[in-house]
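Spelled out from the first residue to the last, the chains are:
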Amino acid sequence: MRALLLGVLAVVAASGCSAEVERRVARVGSPAPAYDATTIDNQPASLDALRGKVVLLNVWATWCHPCREEIPELERLWVAHEREGLVVVGVTVDAVGDDGAIRAFAREFGMTYPIWRDPDGRVSSLFLAVGVPASFLIDRDGVLRWKRIGVISANDAGFAEALRSALDADAGDG
């Protein structure tokens, strides 16, 4: 009897934990998690402040070799689609005190899009991003439309379709 009771309690506890994780998962088609950070210039920044824009949130770090491959492509996307309402946001998870290295990296790779700092990795927890790079496309209404853990490229058909759809949707209202 005691073993049965312990088994039932274990199932209930496990289902409660999985339900909590289920609520927090950044799911394509659902509202993106609320997220705020600080810019590299120590100014407050948030996804909520970007509502009405299409946001490509890219999680990266200076020590990430695949990020070095991806960042020039993200810069090209930013330049090509900024007038249509795309905002590329690079969220660096580099440690506190690495601002000099982050700025040098941004100069080396020609990053002109906004850079947010998240040394605690809150973005990774909120979006369940295991590793870097990780990217999340959020539409003008704050809905997550596409995500990728790993490098993205402009010739990725799924990404290109999601980006075009997000940029075309209600473009006149943004």
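Above this text sits the structure in question.
Peer 1: Give me the lowdown on the state of the cysteines, citing residues and values where you can.
Peer 2: Under the criterion given, the structure shown has one disulfide. Across a sulfur-sulfur distance of 2.3 Å, Cys64 and Cys67 are joined as a disulfide pair. As the torsion about the S-S bond is roughly 85°, the Cys64-Cys67 disulfide counts as right-handed.

Peer 1: Explain the nonpolar core to me, using residue names and the numbers behind them.
Peer 2: Core analysis: the largest hydrophobic core is formed by 51 residues, its most contacted members being Leu56, Leu57, Ile71, Met111, Trp116 and Phe127. No other element matches strand S3 (residues 54–60), which puts six residues into this core. The contacts of Met111, once residues within four sequence positions are left out, are Trp60, Ile71, Glu75, Phe105 and Ala106.

Peer 1: Give a description of the pairing of strand S1 (residues 36–39) that names residues and reports values.
Peer 2: Sheet topology note: the S1/strand S2 (residues 44–46) ladder contains three bridges and is antiparallel. What sits directly across from Ala37, in S2, is Ala45. Where S1 hands over to S2, the hairpin turn is made up of four residues, of which Asn42 adopts a positive phi near 65°. Two elements, S1 and strand S5 (residues 115–117), share two bridges in a ladder whose sense is antiparallel. Its bridge partner being in S5, Thr38 is matched across the sheet by Arg117.

Peer 1: Requested: an account of helix H3 (residues 99–108), with residues and values cited.
Peer 2: For H3, the full list of buried residues reads Ile102, Phe105 and Ala106. Along the long axis of H3, the arc covered by the buried residues comes to 100°, so they all point the same way. Of the exposed residues in H3, the ones pointing more than 90 degrees away from its buried face are Arg107 and Glu108. Structurally, H3 contributes buried residues whose contacts are with S3, helix H2 (65–81), strand S4 (86–92) and S5. Positioned one or two residues after H3, Gly110 has a phi angle of 65°, which is positive.

Peer 1: How would you sum up the sheet that holds S3? Please name residues and give values.
Peer 2: Spatially, the seven strands line up as an open sheet ordered S2-S1-S5-S4-S3-S6-S7, and their pairing is mixed. Strand pairing shows two members of the sheet lacking a second neighbour, S2 and strand S7 (144–149), which therefore form its edges. The mean inter-strand angle of the sheet, taken between neighbouring strand axes irrespective of direction, is 30°. The pairing of S4 with S5 spans three bridges and is parallel. Note that in S5 the partner of Thr92 across the bridge is Arg117.

Peer 1: Mind laying out the environment of Gly131, listing which residues take part and the relevant values?
Peer 2: Along the chain, Gly131 turns up in the loop between helix H4 (122–127) and strand S6 (134–138). Gly131 gets classed as partly exposed once you look at its relative accessible area, which sits at 40%. Counting along the chain gives 19 residues from Gly131 to Gly150, while the straight-line C-alpha distance between them is 7.9 Å.

Peer 1: Just give me the short version of the pattern of salt bridges, but keep the residues and values in it.
Peer 2: Applying the stated rule across the entire model yields eight salt bridges. Linking Asp41 and Arg103 is a salt bridge whose minimum nitrogen-to-oxygen distance equals 3.3 Å. Placement of Asp41 in the loop between S1 and S2 and of Arg103 in helix H3 is noted, with a sequence separation of 62 residues between them. In this structure, Asp139 and Arg145 form a salt bridge, with 2.8 Å as the shortest nitrogen-oxygen distance. For Asp139, a relative accessible area of 9% gives the class buried. Each of Glu84, Arg164 and Asp168 takes part in salt bridges that share partners, so that together they form one network.

Calculation rules
Residues numbered from 1 in each chain as written. Predicted model: local features only at pLDDT ≥ 70, side-chain atom pairs only at ≥ 80, totals over all residues. Heavy atoms only, no water. Disulfide = S-S within 2.5 Å. Core = buried A, V, L, I, M, F, W, Y, C linked by side-chain atoms within 4.5 Å. Buried < 20%, exposed > 50% of the residue type's maximum accessible area, 1.4 Å probe, protein only. Helix = DSSP H or I, 4+ residues; strand = E, 2+ residues; numbered from the N terminus. Contact = heavy atoms within 4.5 Å. Pairing = 2+ DSSP bridges. Arc of directions from axis to C-beta. Axes fitted to C-alpha atoms, helices over the stretch in contact; angles between N-to-C directions. Salt bridge = Lys/Arg side-chain N within 4 Å of Asp/Glu carboxyl O.

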